Protein chains: 2
Amino acid sequence: MSGGKHLAKGSAKPEVPDDGKLCLFSMRFCPYAHRVHLVLDAKRIPYHSVFINLNEKPEWLTEYSPLGKVPALQLPKEEGCPPLIESLVIAEYLDEKYPEPKLYPTDPLKKAQDKILIERFNAVIGPMYKIFVNNEVSPGTITDVSNGLDIFEKELRSRGTEFFGGDKPGMLDYMIWPWCERSAMLKYLLSDKYEMDKERFEKLLKWRDLMEKDEAVKCFYLDGETHAKFMKTRRDGEPNYDMLVVNPCKRQRTC
Amino acid sequence: MSGGKHLAKGSAKPEVPDDGKLCLFSMRFCPYAHRVHLVLDAKRIPYHSVFINLNEKPEWLTEYSPLGKVPALQLPKEEGCPPLIESLVIAEYLDEKYPEPKLYPTDPLKKAQDKILIERFNAVIGPMYKIFVNNEVSPGTITDVSNGLDIFEKELRSRGTEFFGGDKPGMLDYMIWPWCERSAMLKYLLSDKYEMDKERFEKLLKWRDLMEKDEAVKCFYLDGETHAKFMKTRRDGEPNYDMLVVNPCKRQRTC
């Protein structure tokens, strides 16, 4: 759609082909949009991507996303239907509309418990954001991340499965993955090499390795060095949204 | 359970009867807990209520609610199951587990659109909180509330039904109701009598009158004067959680 390039202020409105495919308004490095890419890819739903420059938003963006945020999902088949927003709402819509493979547990209680863990992952996202974006690297923020992750290590041990979803990733796995993928940028951003405690996070580290082999994860995967490179441009106030566009094959695996 | 009294620091752990009923940890004036009372009452699910003093929380609260917040829902039938938290997660769990009457639309797209509106209602909750709790009454906050409500007035007009859920309240109606009920306290909190613009909010005002007649709403209803009285004690730093306990029949209707 936008050829991977992030459309900015002054750009023409994208011409979305009327081919029945969904159209996802995204930003290549946004972890919330990443959630929706993962669900679409896990379900092998064909879709167009329109990437948005969030620093200089196109004038027409609010036509597709009323709050000017990504992700936003346009459903071309539904006449007059406004786009869907909010990553978790979109993810659940896709899971109900395209049930193969089912990502949330079908049991209401198990589903509720996974949703609570997705909510509780916000306690990890908060301090991670401080470290990644604001460069607030203190023992406090590192401790907050680790304490937040303890809950997930404990949960994985208690479930006794490789993934939170069982023998393959489910919605909880995919909803927390974008930040876990980005945790690999820490060793490039911090002056001291950062490693997660191998004993304390034994199951989570094994889970991370397995997740990297998942087909849906591979579709939109970027390595820690690439995430760190983008983050540095963001910290400098000039996010280089299009850093993968010149030679996207170099770093970006495609499905 | 707690006889309407809010259990505080130093209080004994409540003895929840093993009678198969759900047990809701709540606070009588908390709008988020109110959401869950509405869903339970709309579905006529029998439950116990344990009210919590949020200013001086009981030491045992985190056993029932890991983040020490209300609402938290304990399911006694499920052995070893941790309590459910987060009002929207609990509401959806109840809607799936107890489908009569179904509160969310069954169509995934309509359900997603209602969830987006529930999320967008946060744009009303934010400035309302500033007015109610912080007494930040400025043209700016009043305008923010009104602009946020415009979306809901427009939606009700476009749906052409009395309630967002159709001919009776659905999940969207109940999820936004706690703040709409509390808006009646504005005329007691503000020196100038506050009235919503009758033309601008024609449908919403009619909706508010109809909601007040709904059986589930009546179960947990408090009038604007009572909400305002509690809010004044909260603003003074000494929230009078038990103000309805002495003579609860006087102001609190019961199912």
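The sections below set out a description of the structure shown in this document.

What counts as what
- Along each chain, numbering runs from 1 in the same order as the chain's sequence is written.
- Here the convention is simple: chains get letters from A, ligands get numbers from 1, in the order in which they are written.
- Only residues with pLDDT of 70 or above have their local features reported here, since the model is predicted, and side-chain atom pairs are shown and tallied only from 80 upward, although totals for entire chains, interfaces and linings are computed over all residues.
- To get the side-chain values, all heavy atoms of the structure are used, and hydrogens and water are removed first.
- Superposing copies: least-squares fit, C-alpha atoms only, residues required to have pLDDT of at least 70 in both.
- Residue contacts follow a heavy-atom distance rule, with two residues in contact if any of their heavy atoms lie within 4.5 Å.
- A pair of strands counts as paired when DSSP detects no fewer than two bridges linking them.
- Only DSSP runs of H or I covering at least 4 residues are called helices, and only runs of E covering at least 2 are called strands; the numbering of each starts at the N terminus.
- Simply put, an axis is a line fit to the C-alpha atoms, just over the touching stretch for a helix, and the angle between two N-to-C directions goes from 0 to 180 degrees.
- Salt bridge criterion: a side-chain nitrogen from Lys or Arg within 4 Å of a carboxyl oxygen from Asp or Glu.
- Categorising residues by exposure relies on relative accessible area from a 1.4 Å probe, with only protein chains included: less than 20% of the type maximum marks a residue as buried, more than 50% marks it as exposed, and the intermediate range marks it as partly exposed.
- One less than the number of residues in a helix, times 1.5 Å, gives the span that helix is expected to have.
- Using only the protein atoms, space was sampled on a 1 Å grid; points where a 1.4 Å probe fits but cannot get out form cavities, open sets with protein on both sides within 12 Å along at least five of seven lines form pockets, and lining residues are those with an atom within 4 Å of a point.
- Grid points are joined across faces, edges and corners, and a volume is the space filled by probe spheres set on the points.
- Here the nonpolar group is Ala, Val, Leu, Ile, Met, Phe, Trp, Tyr, Cys and Pro; Asp, Glu, Lys and Arg are the charged ones; every other residue, Gly included, is treated as polar.

Here's the deal with the relation of the copies chain B and chain A
The transformation that overlays chain B on chain A combines an axial shift of 0.0 Å with a rotation of 180°, and the residual RMSD is 0.0 Å. Classification of the inter-copy transformation places it as that of a two-fold axis. Residue by residue, 100% of the interface of chain B is reproduced at the interface of chain A, so both copies engage with the same surface.

As for the sheet that holds strand β5 (residues 84-85) of chain B
Residue and element names in this part refer to chain B. Strand order across the open sheet formed by five strands is β1-β3-β2-β4-β5, with mixed pairing between neighbours. Each edge of the open sheet carries a strand with a single partner, namely β1 (6-7) and β5. Note that strand β4 (residues 72-74) and β5 share two bridges and pair antiparallel. In the sheet register, Ala 72 faces β5, and the bridge partner there is Ile 85. Lying over the sheet, helix α1 (residues 31-42) contacts β2 (22-26) and β3 (47-52), oriented at roughly 155° with respect to β2.

Overview of the pattern of salt bridges
Across all of its chains, the model carries 30 salt bridges over all chains by this definition. Here Glu 92 of chain A ties to Lys 111 of chain B by a salt bridge, and the two come within 3.8 Å at their closest N and O atoms. Of this pair, Glu 92 of chain A sits in helix α3 (residues 87-97) while Lys 111 of chain B is found in helix α4 (residues 108-120), placing the two residues in two different chains. By the burial criterion, Glu 92 of chain A is buried, and Lys 111 of chain B matches it. Through salt bridges that share partners, Glu 92, Glu 96, Lys 111 and Lys 115 of chain A together with Glu 92, Glu 96, Lys 111 and Lys 115 of chain B make up one connected network.

Some details on helix α11 (residues 224-235) of chain B
Residues and elements named next belong to chain B. For α11, with 12 residues, the first-to-last C-alpha span of 16 Å sits near the 16 Å given by 1.5 Å per residue. Regarding α11, the residues found buried are Gly 224, Thr 226, His 227, Ala 228, Phe 230, Met 231 and Thr 233. Phi for Gly 237, located one or two positions after α11, is positive at around 85°.

As for the layout of surface pockets
Considered as a void within the structure, the second largest pocket measures approximately 1,100 Å³ in volume. Lining the second largest pocket are 46 residues; nearest its centre among them are Asp 114, Leu 117, Arg 159, Phe 164 and Leu 172 of chain B. Looking at the lining of the second largest pocket, the elements with two or more residues in it are α2 (61-64) of chain A together with α1, α4, α6 (139-159), α7 (171-182) and α10 (215-219) of chain B. Among the elements that make up the lining of the second largest pocket, the one with the highest residue count is α4 of chain B (six residues). Tallied by class, the residues present in the lining of the second largest pocket amount to 22 nonpolar, eight polar and 16 charged.

Some details on empty space enclosed by the protein
All names here are of chain B. Summed over the entire model, instances satisfying the criterion amount to four cavities of 30 Å³ or more. If you go around the largest cavity, you meet 14 residues; those closest to its centre are Met 128, Leu 149, Ser 183, Met 196 and Arg 208. Listing elements by their share of the lining of the largest cavity, those giving two or more residues are α5 (122-132), α6 and α9 (202-212). Counting residues per element, the lining of the largest cavity draws most heavily on α9, which supplies four residues. In terms of residue class, the lining of the largest cavity is made up of 12 nonpolar, one polar and one charged.

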